[in-house]
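Coordinate analysis (summary)
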Amino acid sequence: MSAPHRILVVDDNDALRENLAECLEGEGYHVAVAGDGRGALASLAQDPLPGVILIDMMMPGMSGPELVSRIRAEPRLAGIPVVLATGMSPARGSIPVDAILQKPFGINELLDTVRPLLERGGGERS
């Protein structure tokens, strides 16, 4: 049996971040959490790297798109699939992510987005 996939959840809303982590852990994933972009980068500086990063678009300090830009600029991190969670509608292709989850979303939608990204481990960005 292979090791469970790792997911990094980055969101400044404590309750939402913990709820997402709990739901994903309930599905058997290992979950790390960060409350902002700086915390996410600190987590990503360590091994093992996550198989997917779920990032909230609107965060104080470093926004989701800024964090995505930093991730994509780092060769060690650039291939990790990124899912952007947002209540807004960013222009398709304006942010180099693998998927966009429109808030509010349910656990089934989250899992339907994350599972194929973990299985393929990277690929084209939307």
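Reference entry: report on the structure contained in this document. (Residues numbered from 1 in each chain as written. Predicted model: local features only at pLDDT ≥ 70, side-chain atom pairs only at ≥ 80, totals over all residues. Heavy atoms only, no water.)

Spatially, the five strands line up as an open sheet ordered E2-E1-E3-E4-E5, and their pairing is parallel. Looking along the sheet, the strands with just one partner apiece sit at the ends: strand E2 (30–34) and strand E5 (99–102). Put simply, the sheet's adjacent strands are angled 20° from each other on average, direction ignored. Here helix H2 (residues 37–44) sits on the sheet and contacts strand E1 (6–10), E2 and strand E3 (52–56); the angle it forms with E1, its principal contact strand, is near 160°. Set on the sheet, helix H3 (residues 64–73) makes contact with E1, E3 and strand E4 (82–86); between it and E3 the angle comes to about 150°. (Pairing = 2+ DSSP bridges. Helix = DSSP H or I, 4+ residues; strand = E, 2+ residues; numbered from the N terminus. Axes fitted to C-alpha atoms, helices over the stretch in contact; angles between N-to-C directions. Contact = heavy atoms within 4.5 Å.)

In this section: the environment of Pro60. Note on placement: Pro60 falls in the loop between E3 and H3. On the accessibility criterion, Pro60 (56% relative accessible area) is exposed. For the pair formed by Pro60 and Asp36, sequence separation is 24 residues and the distance between their alpha carbons is 7.4 Å. (Buried < 20%, exposed > 50% of the residue type's maximum accessible area, 1.4 Å probe, protein only.)

To continue, consider the nonpolar core. Counting residues in each nonpolar core, the largest one holds 20 residues, and the members touching the most others are Val10, Ile53, Ile55, Leu67 and Ile71. Counting residues per element, the ones that place at least two in this core are E1, H2, E3, H3 and E4. Each residue touching Val10, except ones within four places of it in the same chain, is listed here: Ala34, Asp36, Gly37, Ala40, Ile53, Leu54, Ile55, Asp56, Met59 and Leu67. In terms of nonpolar packing, the next biggest core, distinct from the first, is built from 19 residues, Val31, Val83, Leu101 and Phe105 among them. (Core = buried A, V, L, I, M, F, W, Y, C linked by side-chain atoms within 4.5 Å.)

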